[in-house]
Amino acid sequence: MADFELLTLERLGDGVAVLTLANGKVNALSRELLAEIGAAVDELASDLPGAVVITGGDRLFAAGADISQFGGPDEAAVIGFGFHAALDAVAALPRFVIAAVSGFALGGGCELALACDYRIASERAVFGQPEILLGIVPGGGGTQRLPRVVGTSRAKEMCITGRQVRAEEALRIGLADEVVAPEDLMERSLALAAQVAAGASTAQAICKRLIDEGVETSLADGLALEREGFVEAFRTDDARTGVASFLEHGPGNATFTGH
Ligand code: COA
């Protein structure tokens, strides 16, 4: 496994991989940390786990881009490219990726959480896109992924005022998918990831792809994609195992290999 300085990447015995940001006081998403996230995702993609949890540790998730690296428009182009490369790679992982958000997920931190498939928030979590308070705009997908999750009007309000949203409101608007007590955050995130990791991984990857591609297209085109994906899933070993197991033992008893 590659050596990382600003994050840790751990593979657990149950097929779950845990990526933990570890960059100083606030996990600032510096160019270097974004490069490490990209490298960690490459490593995961080359030997896929069953599911992934991304966390910033017990205190906070991430306070956004490293503001000390900001300069003029030329630096902004580089920083924006780095964000999109790393976060698109997270989003494209063909596995269920859970963000476990313990505290602040601001700016690029919120955008990293949005690049994940599912967000579990501690009761202490706070989400926001405060870039506007610096006189700039989100550059890590916030103007694009946030409205797809919470709707355009709420996304505009959050990005245009920079207002931060606490866990309960995040749950209500769909920005958080679950809220748990702080001490339960990792246990719940790892348990869900383990449940997913024990499932039919290839079919799960097809589901993820169909949903991600489908929401970007017309209903008719999305349904056409689904017809192809439906057939594709039937080519897996897990489809044969799952259907045979149902007929013999009833629902929920299949043991999948992920192939
Ligand atoms: N980039 C670089 N450094 C950052 C940072 C960021 N995004 N966010 C915080 N820091 C630094 C602070 O400058 C401070 O450094 P210092 O200890 O050397 O003075 C340290 O991290 C702790 O921050 P502080 O504000 O003192 O801690 P806090 O607990 O009171 O507040 C935050 C934490 C995250 C709420 C607050 O720091 C904040 O709002 N950060 C900026 C968030 C932001 O605008 N992100 C979008 C960037 S485009």
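Per-chain numbering applies: the sequence of each chain, read as written, is numbered from 1 onward. The model is predicted, so local features are restricted to residues of pLDDT at least 70 and side-chain atom pairs to those at 80 or more, both for listing and for counting; the totals for chains, interfaces and linings are taken over all residues. To get the side-chain values, take all heavy atoms of the structure and skip hydrogens and water.

### Description of the overall build of the protein
Okay, so step 1: Secondary structure is summarised from DSSP: a helix means a run of H or I of at least four residues, a strand means a run of E of at least two, and numbering begins at the N terminus for each. The helix and strand tally for the protein stands at 10 helices and 9 strands.
Okay, so step 2: Taking 259 residues into account, the globule formula puts the C-alpha radius of gyration at 18 Å, and the protein, at 19 Å, falls close to it.
Okay, so step 3: In terms of principal-axis extent, the alpha carbons of the protein reach across some 60 × 40 × 35 Å.
Okay, so step 4: Between buried and exposed lies partly exposed: a residue is buried under 20% and exposed over 50% of the maximum accessible area for its type, with that area taken using a 1.4 Å probe on protein chains only. Each of the 259 residues in the protein was classed as buried or not, and the buried ones make up 47%.
Okay, so step 5: The contact criterion used is simple: two residues touch if any of their non-hydrogen atoms lie within 4.5 Å. In the protein, of all internal contacts separated by at least 6 residues, the share reaching a separation of at least 24 is 68%.
Okay, so step 6: Each accessible area is a Shrake-Rupley result for a 1.4 Å probe, and residues are judged covered by the shown protein chains and nothing else. Counting every atom, the protein has about 12,800 Å² of accessible surface; 57% of that belongs to carbon and sulfur.
Okay, so step 7: When charges are tallied, Lys and Arg are placed among the positive residues and Asp and Glu among the negative ones, while His and the ends of the chain are skipped. By convention, the charge on Lys lies at NZ, on Arg at CZ, on Asp at CG and on Glu at CD. Separation of charge centres in the protein, based on 20 positive and 36 negative side chains, amounts to 5 Å. Only C-alpha atoms enter the radius of gyration; for comparison, a globular chain is expected to reach 2.2 Å times N to the power 0.38, where N is the number of residues.

### Some remarks on the environment of Ala 17
Okay, so step 1: You can see Ala 17 is positioned in strand E2 (residues 16-21).
Okay, so step 2: In sequence terms Ala 17 and Pro 49 are 32 residues apart; their C-alpha atoms lie 6.1 Å from each other.
Okay, so step 3: Apart from the residues lying within four places of it in its own chain, the contact partners of Ala 17 are Glu 10, Arg 11, Leu 44, Pro 49, Ala 51, Val 52 and Val 53.

### Focus: the state of the cysteines
Okay, so step 1: Criterion for a disulfide: a pair of cysteine sulfur atoms within 2.5 Å. Following the criterion strictly, the structure yields 0 disulfides and no others.
Okay, so step 2: Free of any disulfide, Cys 116 has its nearest cysteine sulfur in Cys 110, 11 Å distant.
Okay, so step 3: Judged by relative accessible area, which is 5%, Cys 116 ranks as buried.
Okay, so step 4: In this structure Cys 207 is a free cysteine whose sulfur lies 18 Å from that of Cys 116, the closest cysteine sulfur available.

### Concerning the pairing of strand E6 (residues 118-122)
Okay, so step 1: Among the 5 residues in E6, 5 count as buried, and that is most of the element.
Okay, so step 2: Alternating positions in E6 separate into two faces, Tyr 118, Ile 120 and Ser 122 on one and Arg 119 and Ala 121 on the other, with burial throughout.
Okay, so step 3: For two strands to count as paired, DSSP must find a minimum of two bridges between them. In terms of strand pairing, strand E4 (residues 96-101) meets E6 through 4 bridges, oriented parallel. Opposite Ala 100, over in E6, you have Ile 120 as the bridge partner.
Okay, so step 4: When E6 meets strand E9 (residues 178-180), the two strands line up parallel, connected through 3 bridges.

### Quick look at helix H8 (residues 201-214)
Okay, so step 1: To estimate the expected span of a helix, subtract one from its residue number and multiply by 1.5 Å. With 14 residues, H8 extends 19 Å from end C-alpha to end C-alpha; this agrees with the ideal 20 Å at 1.5 Å per step.
Okay, so step 2: Along H8, the residues that are buried comprise Ser 201, Ala 205, Ile 206, Lys 208, Leu 210 and Gly 214.
Okay, so step 3: The inward-facing, buried residues of H8 abut helix H2 (73-92), E4, helix H7 (185-197), helix H9 (219-233) and helix H10 (237-249).

### Quick look at the sheet that holds strand E5 (residues 104-106)
Sheet strands pair by backbone hydrogen bonding; their relative direction is either parallel or antiparallel.
Okay, so step 1: Sheet architecture is open: 3 strands sit in the order E5-E7-E8, paired in mixed fashion. With partners counted over all chains shown, the strands left at the sheet margins are E5 and strand E8 (165-166), one partner each.
Okay, so step 2: Alignment of E5 against strand E7 (residues 126-128), held across 3 bridges, turns out to be parallel. Counted as the bridge partner of Ala 105 is Phe 127 from E7.
Okay, so step 3: Angles shown run from 0 to 180 degrees and are taken between the N-to-C directions of axes, each axis being a line fitted to C-alpha atoms and, for helices, limited to the stretch in contact. Lying on the sheet, helix H3 (residues 108-115) is in contact with E5 and E7; it crosses E5 at an angle near 90°.

### Things to note about the environment of Gly 13
Okay, so step 1: Examined against the element boundaries, Gly 13 turns out to sit in the loop between strand E1 (7-11) and E2.
Okay, so step 2: Gly 13 sits in the exposed class, given a relative accessible area of 87%.
Okay, so step 3: For the pair Gly 13 and Ala 194, spaced 181 residues apart in the sequence, the C-alpha separation amounts to 9.6 Å.

### Examining unusual backbone geometry
Leaving glycine out, the prevailing phi sign among residues is negative, and the prevailing peptide bond configuration is trans.
Okay, so step 1: Of note, Asn 27 is a non-glycine position whose phi angle comes to about 50°, a positive value.
Okay, so step 2: Summarising the element assignment, Asn 27 is placed in the loop between E2 and helix H1 (31-46).
Okay, so step 3: Take Asn 27: its relative accessible area is 3%, and that puts it in the buried class.

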